Amino acid sequence: MAVAPVIIQSAAKHTSTLIFLHGLGDTGHGWATTMGMIRTPDMKVICPTAPTIPVTLNAGFRMPSWFDLKTLDIGGPEDEEGIKNATKNVHELIRSEIQGGISANRIMLGGFSQGGALALYAALTFTEPLAGVMALSCWLPMHKNFPGALKCPNTVPILQCHGDCDPVVPYKFGQLSSSVLKTFMKSSQFQSYRGLSHSSNEAELEDMKKFIEKYVRRQ
């Protein structure tokens, strides 16, 4: 991670952590305040910023991106090496929290769009069970590799959220990813938001808040 992540320290004694990954072209600042509003008082928030790289989908222009996006077609080519490298960086962030005394099952991973895709892949390929994953307006990368690539227990809770009017990552991609996840994960739920485009809204944030409170109870 070339740029230091945005960190919001916990308001009470630190016993849990939320790592949240932004979407294409954004930075860690984009979601930090929102995540700070929905977390529990004992939760630290970490919002890293992706490295600036050329992105094929945007005519090779350089922008913050976790990995190269070649296309947004569900069966199109993917930057497998880039996804795996980005996953290693996320795993390092998680391990750093574990070394700091926070157990894996008190660490939640989340992300929006490309960041949500990476959060899903990183959680599923981490050997220890995380508290849960919040995947917003996104898809499951390299979905054909699952369940073979699965390293976490199949009990890790997943909350997928998607607006049914999303013009960027089609709602159908979210639904298809959800169907794949449900074939090998026991606690995967898909929440739809009527009229929501490629963004977030109050109802979604409320669902995320409840998900955090359910799976990372305050100690």
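Residues numbered from 1 in each chain as written. Predicted model: local features only at pLDDT ≥ 70, side-chain atom pairs only at ≥ 80, totals over all residues. Heavy atoms only, no water.

(A) Molecular detail of the environment of Ser177. Along the chain, Ser177 turns up in helix H4 (residues 171-182). A sequence separation of 39 residues divides Ser177 from Cys138, and the C-alpha atoms of the two residues are 8.5 Å apart. Setting aside its immediate chain neighbours within four residues, Ser177 contacts Trp139, Leu140 and Gln160. A distance of 2.9 Å separates a polar atom in the side chain of Ser177 from the backbone nitrogen of Leu140. (Helix = DSSP H or I, 4+ residues; strand = E, 2+ residues; numbered from the N terminus. Contact = heavy atoms within 4.5 Å. Polar contact = N/O pair within 3.5 Å; in protein donor to acceptor, adjacent residues only side chain to side chain.)

(B) Broad picture of the state of the cysteines. Enumeration according to the criterion identifies 0 disulfides in this entry. As a non-bridged cysteine, Cys138 has Cys161 as the owner of its nearest cysteine sulfur, 9.0 Å distant. For Cys138, a relative accessible area of 1% puts it in the buried group. Cys165 takes part in no disulfide bond, and the closest cysteine sulfur to it belongs to Cys161, at a distance of 16 Å. A relative accessible area of 44% means that Cys165 is categorised as partly exposed. (Disulfide = S-S within 2.5 Å. Buried < 20%, exposed > 50% of the residue type's maximum accessible area, 1.4 Å probe, protein only.)

(C) Layout of unusual backbone geometry. A cis amide bond, omega 5°, links Phe146 with the succeeding residue Pro147. Residue position: Pro147 is located in the loop between strand E7 (132-136) and strand E8 (158-163). In this structure, Ala59 is a non-glycine residue whose phi angle is positive, near 55°. Considering the arrangement of structural elements, one finds Ala59 in the loop between strand E4 (52-55) and strand E5 (61-64). Judged by relative accessible area, which is 66%, Ala59 ranks as exposed. Look at Met142: it is not a glycine, yet its phi comes out positive at around 45°.

(D) Spatial organisation of the side chain of Thr17. Note that Thr17 resides in strand E2 (residues 16-21). A polar contact is formed between the side chain of Thr17 and the side chain of Glu97, at a distance of 2.7 Å.

(E) Representation of the pairing of E2. For E2, the tally of buried residues reaches 6 of 6 residues, placing the bulk of the element in the interior. A two-sided burial pattern is seen for E2, the buried positions comprising Ser16, Leu18 and Phe20 on one face and Thr17, Ile19 and Leu21 on the other. Here E2 runs beside strand E3 (residues 43-47); their pairing, made up of 4 bridges, is parallel. Bridging across to E3, Ser16 finds its partner in Met43. Handedness of the E2-helix H1 (residues 29-38)-E3 crossover: right-handed. By the bridge criterion, 5 bridges tie E2 to strand E6 (residues 107-112) in an arrangement that is parallel. When the bridges of E6 are listed, Thr17 appears paired with Ile107. (Pairing = 2+ DSSP bridges. Right-handed = clockwise from strand over helix to strand, strands pointing away.)

Function-wise, these values are silent; they only describe arrangement.
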